[in-house]
Amino acid sequence: MKKIILWEPSFTVLNKASLLEAITDYLVKHGLIKDQKEAIIAINKREILGSTLIAPNLAIPHLKSYAIREAALIFVKLQNTLTDWQKDSQVERFIFTIVPEKCPVADLKMLKYFYIKLADDKKMEIFSHGSQKEIQKIL
Amino acid sequence: MTIEYRQALINYLLKHRDFSSGSELSAVLNVSIKTISRTAKRINSQSVNRPIIESKKGRGYRLNYQNYLEQSTQVKKFVNVSHLTSVERRAAILKRLLVAAPQKHQLSSVFGKFYVSDSVISSDLKILRKMLHKYNLQLKRRNEYIWIEGKETEIRRAINDLLVTDDVISISHFLQSNQLIQQQDVSFVMRQLRLIEEQMNSEIPYPYNVNLFSHLYILIERYHNVGSLIGKKFELQLDEKAKLRQHSKETKLCKEVICNLNTYLNTQLPKIEIYYLYQYLTSSRVDNIRIDRNEISKQVREITNCLIKKVTENQQYMHINNQKLFTSLAKHMKPLLNRLTNNIKVKNNLLEQIKLEYPRLFEVVKNASAYLTKKYLLNPIDENEVGFITVYFAQAAENMRPPINIMVVCTTGFGTAQLLRAKIEKRFSELNIVKLVAGRVLNVEVEKHPEVDLVVSTIKLPSNIEIPNLVVSAMFTMKDQECLEQEVDHIRREMMTQ
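Residues numbered from 1 in each chain as written. Chains lettered and ligands numbered in written order. Predicted model: local features only at pLDDT ≥ 70, side-chain atom pairs only at ≥ 80, totals over all residues.

- In the annotation of an unreviewed UniProt entry, the entry for chain A reads PTS EIIA type-2 domain-containing protein, and the organism field reads Liquorilactobacillus satsumensis DSM 16230 = JCM 12392.

The following block contains the structure:
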């Protein structure tokens, strides 16, 4: 399973739509997603069902879909905050999780441990406010 | 807003180290959340730069113990007797008369500083007489003198009941005005308590340690004040001697403590003091002993069994009878029966909270206790004691509670569901998470797991879900936690009534 950190990437992100476009485009180019359009639809569908915000500035959009080729965790820290990710919130950090419909058990186990880690308040604090180095260390 | 609210809020926070949410406090004190906030502000206005009650958004309120202590001692320092209420005035007079009984006091020296009229003095004396009558004590007045007469045991019982709170700090404040002597007395008594604990090879838990402390402290103060007036005629009766002989270990220890007191007070205390201390000691719970069922006396076993039988006759509590409850309760009942025989009262600081949390169980235990007193011809078991017993049953009931099974749902069954699972496991140990499930297969999974009591989800659920469900945010905020707590309580109540 791949773990990627995109720390203040150079692509321009003005809103939620452009972020999803840019991230999925990046993942397609790296061979992790096979159908960009389908992936964006799946993420949006999930967001409509309920918020994925887990801290005031941190969201964990995630999807399980046939559009995914390989499981991956992608941490993104933007240069600017997004005001349209969720009403009344300013989100600048994201942990995208992508999982293929048929995912190896080892990857699922890794994801499980990652989410358990994420439930720890100190780790959560690092993901919401920590430096690139600190995040690299716990990811 | 009354002073009672303020005190109730402080009392509650004193018993809870961590933050308590506004809604929790509002439910406990039966006032609005706004009133809680206003009360906290009002309390803090007494000490502007050092808040007594700290508040934190999203977490609630917490007592700053250091600031509280400083503030409360400051307030005490500046108490002006002329501003005392009539109840406080009478308590102050009672203290003076009881601690020094049977010493005579000039009426003017007792009432003079309060600047009250003759009619107020008469009505105060009338009320004090009534209060003391309960302890078979008499308030005497002759010429311009007043004093209290009665048995030494009754005088101490009255001091204990009327003047001693369960706050050790206030015990040490109320009697001895000389700070240095007061500190010496306190540290002497503390040393004796440690000696008792060492010799018994155990800790004496709260509130029994406070009871023993106040007994020894009052004894010292009485001998400091009126040692020569306390009759030395009290000799041990035959049955008392027999009891002491039966419990040689405790008797030896009591003798040692009284011997230390003799040295400390430079006097020879009457032998009856050994017996008084013995009564307190055997009326306290000692924590070290693992009681073997066969070691419990026939009387304690019979009464404990009868109490359990009576409480579990109630359908709601019929499932809580077990060996563990018997063992722990018997351990409590042994000194309780001694307390009843010896007329020793123990204050239960948590009584109001126990009544609030377990109203039904408290009533059931109260009725069962009343039945016991009739059947075994015991002295009445008061509400303080009923409160202690209730806690044993409540604990047994909680241990016997089956866990609540929940299913955690998100779109995929691994993302926010996994995160939520870790958070729920951390905060709600009583919940058993059966499975993490993807939203699209929820109906199928619910059918497969009929044992599930509640579905907790981070996504909106279809309306055709037939079992209780709760949607929370992935953040699992304090509000979400409160909602889950309420839902769990609701399910528990339903379980109890089924």
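**Here we look at the overall build of chain B**
Argument step 1. Summing up its helical and strand segments, chain B has 22 helices and nine strands in all.
Argument step 2. The burial tally for chain B puts 31% of its 498 residues in the buried class. (Helix = DSSP H or I, 4+ residues; strand = E, 2+ residues; numbered from the N terminus. Buried ≥ 20, exposed ≤ 12 C-beta atoms within 10 Å, placed from the backbone.)

**Some remarks on the sheet that holds strand β5 (residues 145-149) of chain B**
Note on sheets: strands pair through backbone hydrogen bonds, and any given pair is parallel or antiparallel.
Residue and element names in this part refer to chain B.
Argument step 1. Across the sheet, which stays open at both edges, the three strands sit in the order β3-β5-β4 with antiparallel pairing between neighbours. Lying at the two open borders of the sheet, with one neighbouring strand each, are β3 (105-106) and β4 (138-142).
Argument step 2. Where β4 meets β5, five bridges bridge the pair, whose relative direction is antiparallel. Paired with lysine 140 across the two strands is tryptophan 147, which belongs to β5.
Argument step 3. Each of β3 and β5 touches helix α5 (residues 86-100); the most contacted strand, β5, lies at about 65° to it. (Pairing = 2+ DSSP bridges. Contact = placed C-beta atoms within 7 Å. Axes fitted to C-alpha atoms, helices over the stretch in contact; angles between N-to-C directions.)

**As for the interface of chain B and chain A**
Argument step 1. With 18 residues of chain B at the contact, the number on the chain A side is 20 residues.
Argument step 2. Counting residues per element, the side of chain B that touches chain A draws most heavily on helix α20 (residues 416-427) of chain B, at six residues.
Argument step 3. Split by residue class, the side of chain B that touches chain A holds seven nonpolar, eight polar and three charged. (Nonpolar A, V, L, I, M, F, W, Y, C, P; charged D, E, K, R; others polar.)

**Thoughts on the pairing of strand β7 (residues 431-438) of chain B**
Residue and element names in this part refer to chain B.
Argument step 1. When strand β6 (residues 404-410) meets β7, the two strands line up parallel, connected through seven bridges. Note that in β7 the partner of isoleucine 406 across the bridge is isoleucine 433.
Argument step 2. Crossover β6 to β7 through α20 is right-handed. (Right-handed = clockwise from strand over helix to strand, strands pointing away.)

**So, the nonpolar core**
Argument step 1. Among the nonpolar cores identified, the biggest contains 57 residues, and Ile54, Ala59 and Ile98 of chain A together with Val408, Val409 and Leu420 of chain B are the most heavily contacted of them.
Argument step 2. In terms of residue count, the dominant contributor to this core is strand β6 (residues 91-100) of chain A (six residues).
Argument step 3. With residues up to four places along the chain from it excluded, the contact list for valine 409 of chain B reads Ala417, Val437, Gly439, Leu442, Val455, Ser457 and Ile459 of chain B.
Argument step 4. Counting residues in each nonpolar core, the second largest holds 43 residues, with Leu98, Val210, Leu253 and Leu281 of chain B among its members. (Core = buried A, V, L, I, M, F, W, Y, C linked by C-beta atoms within 7 Å.)

**A few points about unusual backbone geometry**
Argument step 1. Proline 102 of chain B follows alanine 101 of chain B through a cis peptide bond whose omega is 5°.
Argument step 2. Inspection of the secondary structure puts proline 102 of chain B in the loop between α5 and β3.
Argument step 3. Phi at glutamate 8 of chain A is positive, roughly 45°, even though this residue is not glycine.
Argument step 4. Checked against the element boundaries, glutamate 8 of chain A lands in the loop between β1 (2-7) and α1 (16-29).
Argument step 5. By the C-beta count within 10 Å, which is 11 here, glutamate 8 of chain A ends up exposed.
Argument step 6. Backbone geometry at phenylalanine 476 of chain B places phi at a positive 50°, although glycine is not the residue there.
Argument step 7. Its location among the elements puts phenylalanine 476 of chain B in the loop between β9 (469-471) and α22 (478-497).

**Focus on the sheet that holds β7 of chain B**
Residues and elements named next belong to chain B.
Argument step 1. Pairing is parallel in the open sheet, where four strands are placed in the order β7-β6-β8-β9. The sheet is open, and its two borders are formed by β7 and β9, each paired with just one other strand. Pairwise comparison of adjacent strand axes, ignoring direction, gives a mean angle of 25° for this sheet.
Argument step 2. Note that β6 and strand β8 (residues 454-457) share four bridges and pair parallel. Within β8, the residue paired with methionine 407 across the bridge is valine 455.

**Structural notes on the packing of helix α2 (residues 22-29) of chain B against helix α3 (residues 33-44) of chain B**
Residues and elements named next belong to chain B.
Argument step 1. Where α2 contacts α3, the two axes come as close as 8 Å, and the packing angle between them is 100°. Regarding the angle of α2 to α3, the classification is roughly perpendicular. For the pair α2 and α3, contact is made by Gly22, Ser23, Leu25 and Ser26 and by Ile33, Ile36 and Ser37, respectively.
Argument step 2. Here the contact of α2 with α3 is composed, by residue class, of three nonpolar, four polar and no charged. (Parallel < 35°, antiparallel > 145°, perpendicular 65-115°, else oblique.)

**A look at α5 of chain B**
Argument step 1. Helix length check: α5 of chain B, at 15 residues, gives a terminal C-alpha distance of 21 Å against a target of 21 Å (1.5 Å per residue), a fit within 8%.
Argument step 2. Along α5 of chain B, the residues classified as buried are Leu94, Leu97, Leu98 and Val99 of chain B. (Expected span 1.5 Å × (residues − 1).)

**A closer look at helix α3 (residues 105-118) of chain A**
Argument step 1. For α3 of chain A, built from 14 residues, the straight-helix expectation of 20 Å at 1.5 Å per residue is met to within 8% by its first-to-last C-alpha distance of 20 Å.
Argument step 2. Listing the buried residues of α3 of chain A in full gives Leu111, Tyr115 and Leu118 of chain A. Buried residues of α3 of chain A fall within an arc of 55° about the axis and therefore sit on the same side. Opposite the packed face of α3 of chain A, turned more than 90 degrees from it, sit the exposed residues Val105, Ala106, Lys109 and Tyr113 of chain A.
Argument step 3. Where the residues of α3 of chain A are buried, they touch β6 and α4 (121-129) of chain A together with α20 of chain B. (Arc of directions from axis to C-beta.)

**Quick notes on the packing of α5 of chain B against helix α7 (residues 118-133) of chain B**
Residue and element names in this part refer to chain B.
Argument step 1. One way to put it is that α5 packs onto α7 with a least axis distance of 11 Å and a crossing angle of 65°. Crossing angle aside, the handedness with which α5 passes α7 is right-handed. Two secondary-structure elements touch here, α5 through Arg90, Ile93 and Leu94 and α7 through Asp124, Ile127 and Leu128.
Argument step 2. Of the residues in the contact of α5 with α7, the class split is four nonpolar, no polar and two charged. (Left-handed = near helix turned anticlockwise from the far one by under 90°.)

**Overview of the environment of glutamine 132 of chain A**
All names here are of chain A.
Argument step 1. Structurally, glutamine 132 can be placed in helix α5 (residues 132-138).
Argument step 2. Among the residues examined, glutamine 132 registers 12 C-beta atoms within 10 Å and is labelled exposed.
Argument step 3. Taking the C-alpha atoms as reference, glutamine 132 lies 8.2 Å from isoleucine 5; in sequence the two are 127 residues apart.
Argument step 4. Ignoring any residue separated from it by four or fewer positions in sequence, one finds glutamine 132 in contact with Ile5 and Trp7.

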